[in-house]
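Architecture at a glance
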Amino acid sequence: MVDVQFLGLLNATLQAATLLFIASLGELITEKSGILNLGVEGMISIGAVTGFMTAVNTNNIYLAIVVGIFSSSIFASLHAIVTVILKQDQTVSGLILTILGLAVSSLLGKNYVGRKLETKIDSLFNIENPSNVLEVFLSQNIIFYLAIIFTITISYILKNTMFGTRFQAVGEDAKAADSMGLNISKTQFIATCIGGAFAGLSGVFLTLSYVPYWTDNMTAGRGWIALALVIFGGWKPYRTALGALLFGFLEALVPRLQTYGFELNPYIVKITPYIITILVLVMLTIYKGGKTGAPKNIGIPFFRENR
Amino acid sequence: MNKYILTKRQVVNELSTFYSFLLGFLIALMIGSIILLIQDKNPFDTFSLMFKLSIGSVNSLSSSLNKATPLILAGLGIAIINTVKLWNIGAEGQIFMGAIAVNLIYINFQLTNSTSFIFVLLVSAFIGGAFCILIPAITKVLFGVNEIITTLLTNYIVIGLTIYLVNGPWKDPGSLNFPAAAYVGKEVYLPTIFGKLSYGFLICILFTVFAHYLKNSSVFGYEMRIAGGSEMTAIYAGINAKQKAFFAMLIGGGFAGLAGGVELLSQTHRVSTGISQGFGYTAIIVAAITGMRPIGIFLVGSLFGALSIGGSVIQTIGVSTYIADIIQASTLFGALVIQFFFNYKLKRADDG
């Protein structure tokens, strides 16, 4: 018989990690194309509220997921229009996206605060009370398994396919990629929208499974953690997943510390992931001679001068 | 193939940032009106009420300017750091650190002369903000670690530290529902100039002038601009670019720290998570949208202060506070879009 508390911790870790990981995977794709989007927090929020509203009104959970993904993606296209087409500063645009996203979602969700959901995203294999480690893994909902599939396929595409190589070329050296005949603007635009779609999926996971209800500012900084995770993972899907598990574990651990009899201060435990991320970033920069894995063109608008 | 191609304009109108902002603000008002119409509210009534309640009387104008003060101070700090072409996303954390430094000094030292005590506390706020950006600054100049990320992460560390302090060592037993440190004594409150307008705003004006001078007229500002330009030019001119970057970051962080100190001594009077409501993030956009110009930051910051106050009072007529946030964000987006048309033009491809 495995310790019930341990299973609870494992389950909570997986869920918290999934939530963070999906958003950071989207950001990873966006950043690989050379676009930095600091608006993750806002995008998650939009996906969370639109998904929740759809679920309350239609009781159709799959429609809610789709709506959440699409609305976040459309919202992200604002960032794409401003930075890719209009070549404006990515840092600024991303920050505005966060502020706008939080405000718009609060406005939209005004009448949904405290509303109850009739349905939520169910465990895919209908396991209610897992009694061993395997069952904990099998008791997750569909988004968890999607996250695993995404990790494997995206990592494969980036590493082993021509498409992936070309895609990364856009973020590494847009001028060279352009002379090879790749469509820079189109690639970056689509990558930004895909990033938004992932953030939206993360948002619906938050309101339709993880919490599940809607209140203002419920993303609670997770968008920023997702951004940190991309760096932590050196822009690689597997390492980002590992980082998400670490952050998820700490998020799950904090409320359980006392039951384990530890005297660690929960507030201090909560900030350790950020300190670790800074340390990792510094070490990566020192030991790899500046090669942190960051796409070289990130943050620089592509402009084809004097053709 | 594309019939039109994009070219950069050779000459950009000097006032383009100003016009962009103005047009952006008009766009934002239109967006705000549409949202209000959807909610069956009269936009004209709502906006005139917001106008009246934010700058219509001495008291409301004072509230607006008090609200603008931390935003402007933090924005100025960001503009100074941007002179060396670096970003500071950590203003939010530096604001909290400034407030923490004030409280730390306040509970450990006592000065009988309250004016000099306030002065000491404000200086410690500045040092607190500078301290907060120390790690990002050191790692940037020594190893070239991306400062956007490190300053962003320090926000969470400092806010975490604040939550720890107000729930642990500094917890005021008298504050039951809302974790906060004990209030500072009345003797260190920043006095008011008139009405509700705090001396903090005067500090804000002084620092705007100082930042303007530092950036545009001082030797240090000139050296910072060279250091932020090209590495080779800096070496040729004998300027230690890393040293300039380091000090620019510390000064900029100090400005944001001061914002936190002023906010504590004039508004909240105690350390809590309510010290900043995202001022640090809004400040970045305010600074960027004005092209990092101190005077512009002062004006736009004041307008945003008024918008926040106007936004928070219109709740009484059943309009969501978030309207103000949406107007702010749309103004900025609008300004970015308009700015594009000042900087680029479309040209027919066959024109050569």
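Okay, so let's go over this structure. Residue numbers here run from 1 along each chain, matching the order of that chain's written sequence. Each chain gets a letter, beginning with A, and each ligand a number, beginning with 1, in the order they are written. It should be noted that, the model being predicted, local features are given only for residues of pLDDT at least 70 and side-chain atom pairs only at 80 or more, the latter also being counted only at that level, while totals for whole chains, interfaces and linings use all residues. Side-chain metrics rest on all non-hydrogen atoms present in the structure, leaving aside hydrogens and water.

A tally of helices and strands in chain A yields twelve helices and zero strands. If one aligns the C-alpha atoms of chain A with their principal axes, the spans along those axes are about 65 × 50 × 35 Å. For accessible areas, the Shrake-Rupley method is used with a probe of radius 1.4 Å. Any residue's cover is judged against the shown protein chains and nothing else. Taken as a whole, chain A presents about 13000 Å² of accessible surface, with 64% of it coming from carbon and sulfur. A run of H or I in DSSP counts as a helix once it spans at least four residues, and a run of E counts as a strand once it spans at least two, with each numbered from the N terminus.

To continue, consider the overall build of chain B. Regarding its fold elements, chain B presents 14 helices and four strands. Computation of the radius of gyration draws on C-alpha atoms, with the globule rule given as 2.2 Å multiplied by the number of residues to the power 0.38. A globule of 352 residues ought to have a C-alpha radius of gyration of about 20 Å, and chain B, at 22 Å, matches this closely. Expressed along its principal axes, the backbone C-alpha trace of chain B runs to roughly 75 × 60 × 35 Å. Burial here depends on accessible area, computed with a 1.4 Å probe over protein chains only, as a share of the maximum for the residue type. Under 20% is buried, over 50% is exposed, and the range in between is partly exposed. Of all 352 residues assigned to chain B, the portion counted as buried reaches 56%. We call two residues in contact when some of their heavy atoms are within 4.5 Å. Put simply, 78% of the contacts in chain B that link residues at least 6 apart link residues at least 24 apart. In the form shown here, chain B has an accessible surface area of approximately 15400 Å², with 66% of it arising from carbon and sulfur atoms.

Right, let's talk about a nonpolar patch on the surface for a bit. In this analysis, a patch consists of residues with relative accessible area above 30% that form no salt bridge, clustered at 9 Å for like charges and at 5 Å for the nonpolar side chains Val, Leu, Ile, Met, Phe, Trp and Tyr. By salt bridge we mean one thing: a side-chain nitrogen of Lys or Arg within 4 Å of a carboxyl oxygen of Asp or Glu. Residues Ile 275, Leu 279, Met 283, Ile 286 and Tyr 287 of chain A together with Ile 138, Leu 142 and Phe 143 of chain B make up a contiguous nonpolar surface patch of roughly 790 Å² in combined accessible area. Mapped onto the nonpolar patch, the elements with two or more residues apiece are helix H12 (266–287) of chain A together with helix H6 (134–143) of chain B. Looking at the nonpolar patch element by element, the count peaks at five residues for H12 of chain A. Structurally, Tyr 287 of chain A is set in helix H12. Relative accessible area serves as the criterion here: at 68%, Tyr 287 of chain A is assigned to the exposed category.

The subject of this paragraph is the packing of aromatic side chains. Ring geometry is summarised as follows: Phe, Tyr and Trp rings, the Trp one being its six-membered ring, pair when their centres sit within 6.5 Å, and such pairs are stacked at plane angles under 30 degrees, edge-to-face over 60 and tilted between the two. Tallied over the entire structure, the rule returns 21 aromatic pairs over all chains. Ring geometry for Phe 137 of chain A versus Phe 144 of chain A: centroids 6.4 Å apart, planes at 50°, classification tilted. Taking 6.1 Å as the distance between ring centres and 85° as the angle between the ring planes, the aromatic pair formed by Phe 247 of chain A and Tyr 274 of chain A counts as edge-to-face. In this pair, Phe 247 of chain A is assigned in helix H11 (residues 237–253) and Tyr 274 of chain A in helix H12, connecting sequence segments 27 residues apart. When sorted by exposure, Phe 247 of chain A lands in the same class as Tyr 274 of chain A, which is buried. Members of the aromatic cluster, connected to one another through ring pairs, are Phe 232, Phe 247 and Tyr 274 of chain A together with Tyr 156 of chain B.

Right, let's get into the interface of chain A and chain B. Counting residues at the interface gives 43 residues for chain A and 45 residues for chain B. By the criterion of area lost to chain B, the three top residues of chain A are Ile 96, Leu 107 and Tyr 267 of chain A, representing 14% of everything that side buries. Polar contacts, as used here, are pairs of N or O atoms within 3.5 Å; protein pairs need one atom able to donate a hydrogen and one able to accept it. Residues neighboring in sequence count only if both atoms are side-chain atoms. Counting across the chain A and chain B interface gives two residue pairs in polar contact (both at pLDDT 80 or more). In terms of residues, the side of chain A that touches chain B owes the most to one element, helix H4 (residues 90–108) of chain A, which gives twelve residues. Summed over both partners, the accessible area lost on bringing two parts together, with a 1.4 Å probe, is the buried area.

With that out of the way, let us pick up the side chain of Ser 33 of chain B. Residues and elements named next belong to chain B. Residue placement: Ser 33 occurs in helix H1 (residues 16–38). The exposure class of Ser 33 is buried, given its relative accessible area of 17%. Every residue in contact with Ser 33, bar those within four places of it in the chain, is listed here: Pro 43 and Phe 47.

Residue and element names in this part refer to chain A. One can describe the packing of helix H1 (residues 4–32) onto helix H10 (residues 222–232) by two numbers: an axis separation of 8 Å at closest approach and a directional angle of 55°. With respect to each other, H1 and H10 are oriented oblique. Crossing geometry of H1 relative to H10 is assigned as right-handed. Note on element contacts: H10 touches H1 through Arg 222, Ile 225, Ala 226, Leu 227, Leu 229 and Val 230, opposite Leu 19, Leu 20, Ala 23, Ser 24, Glu 27, Leu 28 and Glu 31. All axes here are fitted lines through C-alpha atoms, helices being fitted over the stretch that makes contact, and every angle between N-to-C directions spans 0 to 180 degrees. Any angle that falls under 35 degrees is termed roughly parallel, while one over 145 is termed roughly antiparallel, one within 65 to 115 roughly perpendicular, and all others oblique. For a crossing to be left-handed, the near helix must be turned anticlockwise from the far one by less than a right angle; the clockwise case is right-handed.

Relative to the 28 Å expected for 20 residues at 1.5 Å per residue, helix H13 (residues 294–313) of chain B spans 29 Å between its end C-alpha atoms, a close match to the ideal helical length. By the criterion of burial, H13 of chain B is predominantly enclosed, with 14 of the 20 residues buried. Under the convention used throughout, the expected extent of a helix is 1.5 Å for every residue step, that is, one less than its residue count.

Time to look at the side chain of Thr 151 of chain B. Residue and element names in this part refer to chain B. Counting through the fold element by element, Thr 151 comes out in helix H7 (residues 147–167). Here Thr 151 falls in the buried class, since its relative accessible area comes to 0%. Within the local environment of Thr 151, its side chain forms a polar contact with the backbone oxygen of Glu 147, the two atoms lying 2.6 Å apart. Discounting chain neighbours no more than four positions away, the residues touching Thr 151 are Trp 87, Asn 88, Ile 89, Gly 90, Ile 133 and Pro 136.

So, about the environment of Tyr 213 of chain A. Residues and elements named next belong to chain A. Looking at the element boundaries, Tyr 213 is found in the loop between helix H9 (184–210) and H10. On the basis of relative accessible area, Tyr 213 is assigned to the partly exposed category, the value being 40%. Note: C-alpha distance between Tyr 213 and Leu 86 (127 residues apart in sequence) is 37 Å. The contacts of Tyr 213, once residues within four sequence positions are left out, are Phe 52, Thr 207 and Met 218.

With that settled, consider the packing of helix H2 (residues 40–58) of chain A against helix H3 (residues 61–85) of chain A. All names here are of chain A. Look at H2 against H3: their axes get within 7 Å of each other, and the N-to-C directions meet at 150°. Taken together, the axes of H2 and H3 lie roughly antiparallel to each other. For the crossing formed where H2 meets H3, the hand is right-handed. For the pair H2 and H3, the contacting residues are Gly 42, Met 43, Ile 46, Gly 47, Thr 50, Gly 51, Thr 54, Ala 55 and Thr 58 in the first and Ile 61, Leu 63, Ala 64, Val 67, Gly 68, Ser 71, Ser 72, Phe 75 and Ala 76 in the second.

This next bit is on unusual backbone geometry. Phi at Trp 235 of chain A is positive, roughly 60°, even though this residue is not glycine. Residue Trp 235 of chain A is classed as buried on the basis of its relative accessible area, which comes to 7%. The backbone of His 269 of chain B sits at a positive phi, close to 65°, despite the residue not being glycine. Here His 269 of chain B lies in the loop between helix H11 (241–268) and helix H12 (279–289). Residue class for His 269 of chain B comes out buried when judged on its relative accessible area of 13%.

These results come straight from atomic positions and should not be treated as a statement about function.
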